[in-house]
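One-letter residues, chain by chain:
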Amino acid sequence: MAALANFDAGKKAPMQNFFTNGHFNVFVNFWEPGQENVKHYHHEADNVVILLQGKGCFDVGGQTQELEAVSFVHVPKGVAHHFKNTGGARMVTVHIYGPGLTHGDTERVP
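Every value quoted in this text rests on a predicted model; they were computed, and no experiment measured them. (Residues numbered from 1 in each chain as written. Predicted model: local features only at pLDDT ≥ 70, side-chain atom pairs only at ≥ 80, totals over all residues. Heavy atoms only, no water.)

**What about the packing of aromatic side chains?**
Both the distance between ring centres and the angle between the ring planes are used here to describe each pair of aromatic rings. In the structure shown here, the tally under the stated rule is three aromatic pairs. Between W31 and F83, the aromatic rings sit 6.5 Å apart at their centres with planes inclined by 75 degrees, giving edge-to-face as the arrangement. Pair noted here: W31 is in strand β2 (residues 25-31) and F83 is in strand β8 (residues 81-85), with a separation of 52 residues, a long-range link. Take W31 and F83: they sit in the same class, and that class is buried. With a centroid separation of 4.8 Å and an interplanar angle of 45 degrees, the aromatic rings of F58 and F83 are classed as tilted. Pair noted here: F58 is in strand β5 (residues 55-60) and F83 is in strand β8, with a separation of 25 residues, a long-range link. In this structure an aromatic cluster arises from ring pairing among W31, F58 and F83. (Phe/Tyr/Trp six-rings, centres within 6.5 Å; stacked < 30°, edge-to-face > 60°. Helix = DSSP H or I, 4+ residues; strand = E, 2+ residues; numbered from the N terminus. Buried < 20%, exposed > 50% of the residue type's maximum accessible area, 1.4 Å probe, protein only.)

**Let's talk about the environment of M91**
Mapped onto the elements, M91 comes out in strand β9 (residues 91-98). Setting aside residues up to four positions removed in sequence, M91 forms contacts with N29, F30, W31, L51, Q53, G54, K55, G56, F58, K84 and N85. (Contact = heavy atoms within 4.5 Å.)

**Describing the confidence of the model for the protein**
Model confidence for the protein is summarised by a mean pLDDT of 87, while 85% of its residues fall at 70 or above. No element of the protein has a lower mean pLDDT than strand β1 (residues 15-20), at 70, and none a higher one than β5, at 97. (pLDDT = per-residue confidence, 0-100.)

**Observations concerning unusual backbone geometry**
For the bond from A69 to V70, the omega torsion is -5 degrees, close enough to zero to count as cis. With respect to the helices and strands, the residue V70 is situated in the loop between β6 (63-68) and β7 (71-75).

**Here we look at the pattern of salt bridges**
Within the structure shown, the criterion is met by one salt bridge. Across the pair E32 and R90 runs a salt bridge, and its minimum N-O distance is 2.8 Å. Of this pair, E32 sits in the loop between β2 and β3 (40-42) while R90 sits in the loop between β8 and β9, placing them 58 residues apart in sequence. R90 gets classed as partly exposed once you look at its relative accessible area, which sits at 28%. (Salt bridge = Lys/Arg side-chain N within 4 Å of Asp/Glu carboxyl O.)

**Remarks on the nonpolar core**
Listed in full, the ten residues of the largest apolar core are W31, V49, L51, F58, V60, L67, V73, V75, F83 and M91. Elements represented by at least two residues in this core include exactly β4 (46-53), β5 and β7. With five residues, the next largest nonpolar core counts V26, V28, F30 and V94 among its residues. (Core = buried A, V, L, I, M, F, W, Y, C linked by side-chain atoms within 4.5 Å.)

**Remarks on the side chain of H42**
Checked against the element boundaries, H42 lands in strand β3. A polar contact of 2.9 Å, which involves the side chain of H42, links it to the side chain of T106. (Polar contact = N/O pair within 3.5 Å; in protein donor to acceptor, adjacent residues only side chain to side chain.)

**Quick look at the side chain of H40**
Inspection of the secondary structure puts H40 in strand β3. Residue class for H40 comes out buried when judged on its relative accessible area of 9%. For H40, the side chain forms a polar contact with the side chain of H42, separated by 3.4 Å. When residues no more than four places from it in sequence are discounted, the contact partners of H40 are V79, A80, H81, T106, E107, R108 and V109.

Pasting the structure below:
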């Protein structure tokens, strides 16, 4: 896991592929303080996000939660979501998608 933490901190929400097959994907994200992703949804994949380290704001379907390690959220397919590191240290999340994400599955929300 430590080897996955080598990333460009200038990018938003760097995602490292930990495992993938046709049935599900597992990604690990390392978020620096203030980093966030864009609001988006997935057409076909449900998503479970496990917050392993740090704390953050998790907006799922318009409902916002402040979470700390160790907790999780479920994001059903088709539901818009957005995550942000609101703590003063690195936030680490594990994202499990089922079925596995495909290139066209993710759509940004304006």
